[in-house]
Structure formats: C-alpha cells, structure tokens
Amino acid sequence: MTTPATTTRAGGDGWFGHPRGLSTLFFTEMWERFSYYGMRAFLILYMVHVLHFDDQRAGQWYGTYTGSVWLGPILGGPTADNARLGHYKSVLLGGLIIALGHFTLAFHPLPFFFTGLALIVIGTGLLKPNVSTIVGALYGEGDERRDAGFTIFYMGINFGAFIGPFIAGTLAQKVNWHLGFACAGVGMTLGLIQYVLGRDRLEPAAARLGMQRRRDATTRKREVAPPLTATDWKRMAAVVFFFAVASLFWGAYEQAGSTLNLFADRYVNLHFLGIQLYASWFVSIQAGFVILLAPVFAWLWLRLGAREPSSPAKFALAMLFAGLAFALLIPAGSLAEHGVKVTPLWLVGAYFLEELGELSRGSGGLSVVTHAVSPGHVGRLA
C-alpha cells in the first residue's frame, strides 16, 4: 500500500495550522495599519482645525500624501529584490521610518508636519510590498495553505485599520492632536518589537526568497521575454482601462478620510444613543464591514461556482455600488445645507454600499492582468 503524495508544507505548523511566522507578520501588519489608518482618520481634521488650512489646501495635501503612499511600493518592491537590503531588512527599515514619521508629526512646528508625512510615505513604500512577499514565502511550492494564510493576514490588516481610528482618533480629537500622532508611532513601534522578536520564525521564508532571487537573476541572464504581439497590445490596453476604472473607484473610496471626514465633523449629529461620537471614528466603518462581509462574499463566490461574475462584471459592480453610496448621501447633503445635523446612519449606509463594491471587485485587478497578458509580460503590469 503506497502513501499518497502530499504538497510541500514548510515552516512548521504552529499557528492555526500555519507556519508560526504568519503570526509575526499578522501582528506586524496589524500594527502598521493601526498606525496608518489611526493617523489618517484625523489627518485632514488636524490640517483644518490646527494648521488652519482651507478645505482646498487640506484636500490637496491629503490627496498628495495618500497618492504617494499608494505609489511608494512601486519602488519598495524592486529595492528589496535587487539590492543587498533584502525583504526582512526592508520591512524592518520601513517600519522604523514609519514610526519616526509619526513621532515627527507629534511636534508642533509646520516643517515637522511635512517631514513626518514624507517619512511615512518612504517607510510604507519599503514595508508594504515586502511584508506581503514574506507571507507568500512562508509556504513551499504547492502548499495548499497559502490562500488561507493570506486571508488570515488580510484580516490582520483590517483589524488594525478598524481599531486605529478609535484609539488614535479619540486621543487626537478628545485629548491632544499631537498625542494622536504619537499613539500611531507607538503602534508601529509595537509592531516592530514583535517583528524583531519573531525573526527566527521568518528564517525559512528568508532562505526561500534568497534562493528565488538567485534563480531569477540566472533566468534573466539566459532568457528574453518574447516580443509583444498585436493581441498582447490590445489586451494590455484593456488592462490599462480597467486600472483607470479602479483608480476612479479608489478615488471615491478615499473620500472617507477627506471630504466625508469633514462632512462628519461639520454636519453629522455626533451624539447618538447617548454616546459621544468623533468624526475620526467613521473611518473605521469601512474596515469593520470588510471583516463582517468578507466571509459572506467568499461563500457567495463559492456558491455561484461557474456563474461567478467575470472580472469586468465585478469592476462594473464596484463602480455601481460606489455611485450608489454617493447617491445615498445626496439627501443628507441637502439636509445639511439647510442647517440640519444629520444622523450618522447616512454615512454608515454609504460605507456599507462602498464595501459591497470593494468586495465585489475582490481580486479582479490581478485576475485581469494574469488572464489578459502573456506570461512573459505579466510582471510589467502586475
């Protein structure tokens, strides 16, 4: 009687049946997102109330900052791949720079404000792409636990994004704005401490990534990607179109920290059921709905099977729900124009619709790239 072949299971089974390194990265990213979303929750409020920026200037700086944070990983990933720094040290250095940025924001003079934001952008660019890379490297080739591991990891992201605005936002708005910035720095510091303490758990992943870098370097010397065909160019044009649509979606989504944050601060009744609310708290709603709804959508796609919507259909659903979210707020805006403090349920409903859109879109972006572009050219757009 023969023993069935098994897939490679590397890294040990020490955390819910996953490599113990997953717990290290779970809490590293949880605290990083705690710091990022905790500070983001009151950033524009600080600019308006303390720095006395007008709405337009505050919105421009908010947009520049968040846009730079999203673009930073484009450089952070190759930095770890092609330099001696490596992925582990990139995450560590990125976290240190992020913490330094938050602590810099805790100082009053205006130059510290811009310096702190720049440091967070640089640090996030180093940390974000590389911590996800290490998560993937925890699992050997063919390890069936990989997808579940990423699901657990992303729950850490959303949990940090959920609690950050409640804690840092409350300290900022109720006690002292600069204490809120410092709280975000403390959160990132906690993430770094357990990241360093858990280094031994990440050694298998680091070794695997080192082997992969050497293998890729050898492959690049010997192989040349095939030239793009006319069909490839058409498919890549389709990818660019979908990315443009996705940019519109995320542009609307990011209003939670800017225009909708100001709306909550000025026009929402912040006393609800006898509870004192703070505008920064509303930023937590999006992550809260992800935590609640992600299992529902996972079940839904599984239930639909072959009838699951295509990637273009998912993009269309995302845009539809985003549009409905803002359409829902039209009556609230009309009431606010007449001096009425509206119920916070308007924003809760809008964020619920937005999250239906985000979860409908799911992994559609990566799916479009991997299905539309020839294998030899996926890396150019992935």
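Residues numbered from 1 in each chain as written. Predicted model: local features only at pLDDT ≥ 70, side-chain atom pairs only at ≥ 80, totals over all residues. Heavy atoms only, no water.

## Considerations on the nonpolar core
At step 1: Counting 62 residues, the largest nonpolar core has Met39, Phe42, Met47, Tyr65, Phe282 and Leu347 as its most contacted members.
At step 2: Among the elements that take part in this core, helix 1 (residues 21-49) stands out by supplying eleven residues, more than any other.
At step 3: Leave out the neighbours within four places in its chain, and Phe282 touches Ala264, Val268, Leu270, Leu277, Pro344, Leu347 and Tyr351.
At step 4: Among the nonpolar cores identified, the runner-up in size contains 25 residues, and Ile98, Ala99, Val135 and Phe153 belong to it. (Core = buried A, V, L, I, M, F, W, Y, C linked by side-chain atoms within 4.5 Å. Buried < 20%, exposed > 50% of the residue type's maximum accessible area, 1.4 Å probe, protein only. Helix = DSSP H or I, 4+ residues; strand = E, 2+ residues; numbered from the N terminus. Contact = heavy atoms within 4.5 Å.)

## A closer look at the pattern of salt bridges
At step 1: With the rule as written, the count across this model stands at seven salt bridges.
At step 2: Ionic pairing is found between Arg40 and Glu254, a salt bridge with its closest N-O pair at 3.1 Å. Pair noted here: Arg40 is in helix 1 and Glu254 is in the loop between helix 9 (230-253) and helix 10 (259-267), with a separation of 214 residues, a long-range link. When sorted by exposure, Arg40 lands in the same class as Glu254, which is buried.
At step 3: When the shortest N-O distance is used, the salt bridge between Glu203 and Arg199 registers 3.8 Å.
At step 4: Judged by its relative accessible area of 40%, Glu203 falls in the partly exposed class. (Salt bridge = Lys/Arg side-chain N within 4 Å of Asp/Glu carboxyl O.)

## Comments concerning a nonpolar patch on the surface
At step 1: On the surface, a nonpolar cluster with roughly 450 Å² of combined accessible area is contributed by Phe103, Val186, Leu190, Ile193 and Leu197.
At step 2: Ranked by residue count, the leading element in the nonpolar patch is helix 7 (residues 177-197), at four residues.
At step 3: Note that Phe103 resides in helix 4 (residues 86-105).
At step 4: Given the relative accessible area of 32%, Phe103 is considered partly exposed. (Patch = residues over 30% accessible without salt bridge, like charges linked within 9 Å, V, L, I, M, F, W, Y side chains within 5 Å. Areas by Shrake-Rupley, 256 points an atom, 1.4 Å probe, with all protein chains shown as cover.)

## Notes on the confidence of the model for the chain
At step 1: With 86% of its residues at a pLDDT of 70 or more, the chain shows a mean pLDDT of 85.
At step 2: Low pLDDT (under 50) marks residues 366-382, which in the prediction has 29 contacts with non-local residues, meaning those over four places away or in another chain. (pLDDT = per-residue confidence, 0-100.)

## Overview of the side chain of Asn130
At step 1: Along the polypeptide, Asn130 turns up in helix 5 (residues 110-137).
At step 2: Residues in contact with Asn130, not counting those within four places in the same chain, are Gly76, Gly77, Ala80, His87, Ser90 and Val91.

## Here we look at the environment of Tyr278
At step 1: Relative to the helices and strands, Tyr278 resides in the loop between strand 2 (275-276) and helix 11 (284-304).
At step 2: For the pair Tyr278 and Asn261, spaced 17 residues apart in sequence, the C-alpha to C-alpha distance is 9.9 Å.
At step 3: Setting aside its immediate chain neighbours within four residues, Tyr278 contacts Thr170, Gln173 and Lys174.

## Notes on the packing of aromatic side chains
At step 1: In this structure the tally under the stated criterion is 24 aromatic pairs.
At step 2: Measuring from ring centre to ring centre gives 6.0 Å for Trp70 and Trp250, while their planes differ by 35°; the resulting arrangement is tilted. Of this pair, Trp70 sits in helix 2 (residues 55-71) while Trp250 sits in helix 9, and the two are 180 residues apart along the sequence.
At step 3: One aromatic cluster is present, formed by Phe42, Tyr46, Trp61, Phe113, Phe114, Trp177 and Phe181 through successive ring pairs.
At step 4: A cation over an aromatic ring shows up here: Arg57 above the ring of Phe53, its NZ or CZ 3.9 Å from the ring centre. (Phe/Tyr/Trp six-rings, centres within 6.5 Å; stacked < 30°, edge-to-face > 60°. Lys NZ or Arg CZ within 6 Å of the ring centre and 35° of its normal.)

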